Amino acid sequence: MATPTTAAVHRSTGFLRAAIALQTAAVLFQAVTAGLLLSTSAGEVLHGVGARVMYGASMLYVLAAVLAWRPGGGSPRPVLHAAGFLVLASAQVVLGIAHVPAVHVPLGVLIFGLSVAALVRDPAARAVRPSDAR
């Protein structure tokens, strides 16, 4: 039987996992639209819209990490990861606006790799303490 505390942990870590999945999907969309920039006129619009969605998803990731940590009783580590990702996303936006593809593109690849790694790490399983899993 799940206690209210255990239920809150599962709910907040589920939100965290969904936020990471959304972020990863948004970054993948950015990679696709970056390719479209080279071949279609609509690529620039799609990439611009995707940049806003990706940045919003990174902010949502920070919120989800804080909610999984404080009220949910999880580890504070995802908060540091989410904050680091938000810093990288901020740099990515600035570099994109400044049209610095020599740094913007490799940083985008790094961000995608880190986002996939965060998704694969399964924060939901790690956030539940062994004493709560009984």
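The model shown is predicted, which means the values in this text are computed figures rather than measured ones.

(A) Fine view of the overall build of the chain. Scanning the chain from terminus to terminus reveals five helices and zero strands. Traced from its N-terminal end to its C-terminal end, the chain shows the element sequence α-α-α-α-α. Sequence-distant contacts in the chain: of pairs separated by 6 or more residues, those separated by 24 or more amount to 66%. With the model as given, the accessible surface of the chain reaches about 7,800 Å², and the carbon-plus-sulfur share is 73%.

(B) Inspection of unusual backbone geometry at higher detail. Residue His 99 is not a glycine yet carries a positive backbone phi of 55 degrees. Of note, His 99 is situated in the loop between α3 (77-97) and α4 (101-120).

(C) Focus on α3. Given a rise of 1.5 Å per residue, 21 residues ought to cover 30 Å, and the 31 Å separating the end C-alpha atoms of α3 matches this to within 8%. All buried positions along α3 are accounted for by Pro 78, Val 79, Ala 82, Phe 85, Ala 89, Gln 92 and Leu 95. A positive phi of about 55 degrees marks His 99, the residue just after α3.

(D) Broad picture of the confidence of the model for the chain. Overall, the prediction assigns the chain a mean pLDDT of 86, with 82% of residues at 70 or greater. Here residues 127-134 is modelled with pLDDT under 50, and outside its nearest four sequence neighbours on either side it reaches eight contacts, counting other chains as well.

(E) Expanded view of the packing of aromatic side chains. Applying the stated criterion to the full structure yields one aromatic pair. Here the basic side chain of Arg 70 rests over the ring of Trp 69, its NZ or CZ set 4.8 Å away from the ring centre.

(F) Geometry of the layout of surface pockets. Taken as a whole, the largest pocket holds about 830 Å³ of empty space. Around the largest pocket sit 27 residues that line it, and Gln 30, Leu 37, His 47, Gly 96 and His 104 are the ones nearest its centre. Listing elements by their share of the lining of the largest pocket, those giving two or more residues are α1 (4-39), α2 (43-69), α3 and α4. Counted by class, the lining of the largest pocket contains 17 nonpolar, eight polar and two charged residues.

(G) Geometry of the nonpolar core. Within the largest apolar cluster, 19 residues are counted, with the highest numbers of intra-cluster contacts made by Leu 16, Met 54, Tyr 61 and Phe 85. Those elements that provide at least two residues to this core are α1, α2, α3 and α4. Here this core takes six residues from α2, the largest share from any one element. For Tyr 61, the residues in contact, after removing those within four places along its chain, are Leu 16, Ala 19, Ile 20, Gln 23, Pro 78, His 81, Ala 82, Phe 85 and Ala 118.

(H) Representation of α2 within the structure. With 27 residues, α2 extends 38 Å between its outermost C-alpha atoms, agreeing within 8% with the 39 Å of an ideal straight helix rising 1.5 Å per residue. Gly 43, His 47, Gly 50, Met 54, Ala 57, Ser 58, Tyr 61, Ala 64, Ala 65 and Ala 68 are the residues of α2 that are buried.

(I) Quick peek at the packing of α3 against α4. Viewed as axis vectors pointing N to C, α3 and α4 meet at an angle of 155 degrees, and their least axial separation amounts to 10 Å. The angle between the axes of α3 and α4 places the two elements in the roughly antiparallel class. Where α3 crosses over α4, the two elements pack in a sense that is left-handed. On the side of α3, the interface is formed by Phe 85, Leu 88, Ala 89, Ala 91, Gln 92, Leu 95 and Gly 96, while α4 contributes Val 103, His 104, Leu 107, Gly 108, Ile 111, Leu 114 and Ser 115. Of the residues that constitute the contact of α3 with α4, the class distribution is nine nonpolar, five polar and no charged.

What counts, and where the lines are drawn
- Throughout, a residue's number is its position along its own chain's written sequence, starting from 1.
- In view of the model being predicted, local features appear only for residues whose pLDDT reaches at least 70, and side-chain atom pairs are presented and counted only at 80 or more, with totals across whole chains, interfaces and linings using the full set of residues.
- Note that the side-chain values use all heavy atoms of the structure and ignore hydrogens as well as water.
- What counts as a helix is a DSSP run of H or I of at least four residues, what counts as a strand is a run of E of at least two, and both are numbered from the N terminus.
- Whether two residues touch is decided by their heavy atoms; if any such pair falls within 4.5 Å, the residues are in contact.
- Reported accessibility uses the Shrake-Rupley method at a 1.4 Å probe radius. Residues are deemed covered only where the shown protein chains occlude them.
- For a helix, the expected span equals 1.5 Å multiplied by the residue count minus one.
- Categorising residues by exposure relies on relative accessible area from a 1.4 Å probe, with only protein chains included: less than 20% of the type maximum marks a residue as buried, more than 50% marks it as exposed, and the intermediate range marks it as partly exposed.
- In predicted models, pLDDT denotes the confidence assigned by the predictor to each residue on a 0 to 100 scale.
- Each pair of aromatic rings taken from Phe, Tyr and Trp, with Trp reduced to its six-membered ring, is defined by centres within 6.5 Å and is described as stacked if the planes are under 30 degrees apart, edge-to-face if over 60, and tilted in the remaining cases.
- For a ring to carry a charge above it, either NZ of a lysine or CZ of an arginine must fall within 6 Å of the ring centroid while also lying within 35 degrees of the normal to the ring plane.
- Buriedness of a pocket was judged along seven lines, with at least five required to meet protein on both sides within 12 Å; pockets are open sets of points on a 1 Å grid over the protein atoms alone, cavities are sets where a 1.4 Å probe fits but cannot get out, and lining residues have an atom within 4 Å of a point.
- Grid points are joined across faces, edges and corners, and a volume is the space filled by probe spheres set on the points.
- The residue classification treats Ala, Val, Leu, Ile, Met, Phe, Trp, Tyr, Cys and Pro as nonpolar and Asp, Glu, Lys and Arg as charged. All others, Gly included, are polar.
- Here, nonpolar core refers to any group of buried Ala, Val, Leu, Ile, Met, Phe, Trp, Tyr and Cys residues whose side-chain atoms link them within 4.5 Å.
- Note on geometry: axes are lines fitted to C-alpha atoms, helical ones only across the stretch in contact, with angles between N-to-C directions running from 0 to 180 degrees.
- Angular relationships are summarised with four words: roughly parallel below 35 degrees, roughly antiparallel beyond 145, roughly perpendicular across 65 to 115, and oblique for the angles in between.
- Each crossing gets its hand from how the near helix is turned against the far one by less than a right angle, where anticlockwise is left-handed and clockwise is right-handed.

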